[in-house]
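Breakdown of the fold
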Amino acid sequence: MKIHEYQGKALFRQSGVPVLEGIMAKTPDDAVAAYEKLGGKIAVVKAQIHAGGRGKGTIKDNADQRGVVVCKSADEVRAAAAALIGKTLVTIQTGEEGKVVNQIFVEAGCDIARELYLGIVVDRAAMKPVLMVSTEGGVEIETVAEETPELIFKEHFDPAVGLEAFQVRKLCKKLGITGAAAKAASKFMPAICRFFVDFDCSMCEINPLVITGDEQMVALDAKIDFDSNALFRHKDLLELRDLSEEEPSEVRASESGLSYVKLEGNIGCLVNGAGLAMSTMDIIKYHGGQPANFLDVGGGANAQQVTEAFRILLSDPNCKGVLVNIFGGIARCTTIASAIIEASKTVGFTVPLVVRLEGTEVEEGRKMLAESDVDIITATDITDAAEKIVAATK
Ligand code: ADP
Ligand code: MG
């Protein structure tokens, strides 16, 4: 679950990670009031969307309007707010369609001496979180990783222990940080690592991490992704969820207990179990197709969930065919078969449907499908299924 920059910074503040003063606003009037409250000097108006690249991004049909605007007066704040709120911002991370800006963050202006990069993710291979920092802040980190990977410095840390003092010293040396700034880093870096663990983040990125003119360290940006599987431990975080930022079909799926991720391809996949879903996507690709989604209906899928799954898949205009790949372990093949028959009546299949069933009550399930008038292409195994759906959608 992603959150907005202003929400992330409020959590940072509570966790001892330094940020500047700032106030969220939903109207130009509120933005001006926020500006006055911040002291009426230099302020930065920042579009709040769940995507980065706002500084370089532009408003649709207004190519001169960037998503981050430095303002020196109330009039400039009002103009920037009016030009952003309710408009669509297109950045390198939003795709061409962009995202509607529903609120802005009015933040105190920062005296930037250096822009660094800081990111934390879970390194699955090392089975630990890893802190990554770079001298190349404010730049697309993907570009740095590709062109000058030697400028990214990493330290793994134990979630129970946190980032240790010697690790901070090591990183400061590599970043060329000394004196008061190094002292600031000795507080900042362990605090952000603790934040990452305490809130069960899957990703936390501060780009830029700034060293100010008076050698303090502040988080000038905040991009946070929480591990959804751990949200049950953080009920208060759920209030921060902004459904308008999420893919509508994914929201719908999560309401029915389905794990669904929309992708770019044209073959819809209806599968039970995350591992089987991933191998189904792999085998579709292996045979030259492109999956339109990841969809795990869960081990104990019922008819209502399967029907909803079909609805979601078929409402995607890119979906030119559906591959049903079910291993009946907990769910019986007969349950799935009757759900498919039911869905064909209530949803109506408009594209080719390839079905591969295996497992508990498979013979009865296959018989039910054969005797029904649902127009399906049956497959004997996963390879056969992949070949057939790729052929049917070519
Ligand atoms: P994004 O990553 O979406 O482009 P950032 O929050 O990183 O958005 O802002 C983009 C750039 O704007 C930063 O690299 C920084 O140079 C500048 N900036 C952001 N916030 C402030 C601020 N409070 N004061 C001064 N400059 C800022
Ligand atoms: Mg940024």
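Residues numbered from 1 in each chain as written. Chains lettered and ligands numbered in written order. Predicted model: local features only at pLDDT ≥ 70, side-chain atom pairs only at ≥ 80, totals over all residues. Heavy atoms only, no water.

The name an unreviewed UniProt entry assigns to the chain is Succinate--CoA ligase [ADP-forming] subunit beta, from the organism Rubripirellula amarantea. The chain has a UniProt comment under Subunit (unreviewed entry) that states "Heterotetramer of two alpha and two beta subunits." In UniProt, the chain has this text filed under Pathway (unreviewed entry): "Carbohydrate metabolism; tricarboxylic acid cycle; succinate from succinyl-CoA (ligase route): step 1/1." (UniProt positions renumbered as here; feature names shortened; annotations may be inferred.)

1. A closer look at the coordination of the magnesium ion (ligand 2)
Six octahedrally arranged donors around a metal ideally form angles of 90 or 180 degrees; four tetrahedrally arranged donors ideally form angles of 109.5 degrees. At the metal site, the magnesium ion (ligand 2) is ligated by Asn207 (O) and Asp221 (OD), and these contacts range over 2.1 Å. A residue pair is termed long-range when its members are at least 10 positions apart, and asparagine 207 in strand E12 (residues 201-212) and aspartate 221 in the loop between strand E13 (217-219) and strand E14 (223-226) qualify at 14 residues. In this structure, asparagine 207 and aspartate 221 share a single accessibility class: buried. (Donors = N, O, S within 2.8 Å, 3.2 Å for Na, K, Ca; no water. Helix = DSSP H or I, 4+ residues; strand = E, 2+ residues; numbered from the N terminus. Buried < 20%, exposed > 50% of the residue type's maximum accessible area, 1.4 Å probe, protein only.)

2. Considerations on the packing of helix H8 (residues 274-286) against helix H12 (residues 382-393)
Two numbers describe how H8 lies on H12: the axes approach to 9 Å, and their chain directions differ by 55 degrees. One way to sum up the angle between H8 and H12 is to call them oblique. Both H8 and H12 take part in a crossing whose hand is right-handed. Across the interface between the two elements, Thr280, Ile283 and Ile284 from H8 touch Ile382, Thr383, Ala386 and Val390 from H12. A class-by-class count of the residues in the contact of H8 with H12 yields five nonpolar, two polar and no charged. (Axes fitted to C-alpha atoms, helices over the stretch in contact; angles between N-to-C directions. Parallel < 35°, antiparallel > 145°, perpendicular 65-115°, else oblique. Left-handed = near helix turned anticlockwise from the far one by under 90°. Contact = heavy atoms within 4.5 Å. Nonpolar A, V, L, I, M, F, W, Y, C, P; charged D, E, K, R; others polar.)

3. Looking at the sheet that holds strand E4 (residues 62-66)
Sheets are built from strands that pair by backbone hydrogen bonding, the pairs being arranged parallel or antiparallel. An order of E4-E3-E6-E7 is seen for the four strands of this open sheet, with the pairing classed as antiparallel. Looking along the sheet, the strands with just one partner apiece sit at the ends: E4 and strand E7 (99-100). (Pairing = 2+ DSSP bridges.)

4. Side note on the packing of aromatic side chains
Overall, the coordinates contain five aromatic pairs when judged by the stated rule. Here phenylalanine 12 and phenylalanine 195 contribute two aromatic rings whose centre-to-centre distance is 5.0 Å and whose plane-to-plane angle is 85 degrees, an arrangement assigned as edge-to-face. Here the residue phenylalanine 12 occupies a position in helix H1 (residues 5-14), and phenylalanine 195 occupies one in helix H6 (residues 179-198), the gap between them amounting to 183 residues. Residue class for phenylalanine 195 comes out buried when judged on its relative accessible area of 1%. An angle of 50 degrees between the planes, with centres 4.7 Å apart, marks the rings of phenylalanine 310 and phenylalanine 349 as tilted. With phenylalanine 310 in helix H9 (residues 303-314) and phenylalanine 349 in the loop between helix H10 (333-346) and strand E19 (353-359), the pair connects residues that are 39 residues apart, well separated along the chain. Assessed through its relative accessible area of 1%, phenylalanine 310 is described here as buried. Overall, the relative accessible area of 22% leaves phenylalanine 349 in the partly exposed class. Put simply, the rings of Phe12, Phe195, Phe199 and Phe226 touch in pairs and so form one group of aromatic residues. (Phe/Tyr/Trp six-rings, centres within 6.5 Å; stacked < 30°, edge-to-face > 60°.)

5. With respect to the site of ligand 1
The environment of ligand 1 is made up of 18 residues, and the closest members are Lys46, Arg54, Gly55, Glu107 and Glu115. A distance of 2.7 Å separates an oxygen atom of ligand 1 from a polar side-chain atom of arginine 54. A distance of 3.0 Å is found between a nitrogen atom of ligand 1 and a backbone nitrogen or oxygen belonging to alanine 108. Alone, ligand 1 offers 540 Å² of accessible surface; in the complex the protein occludes 83% of this. (Near = heavy atom within 4 Å. Polar contact = N/O pair within 3.5 Å; in protein donor to acceptor, adjacent residues only side chain to side chain. Areas by Shrake-Rupley, 256 points an atom, 1.4 Å probe, with all protein chains shown as cover.)

6. Regarding the sheet that holds strand E8 (residues 104-108)
Across the sheet, four strands lie side by side as E1-E8-E2-E5; this open sheet has antiparallel pairing. Edge strands, defined here as strands with exactly one partner in the open sheet, are strand E1 (22-25) and strand E5 (68-71). Sheet twist, expressed as the average angle between the axes of neighbouring strands with direction ignored, equals 20 degrees.

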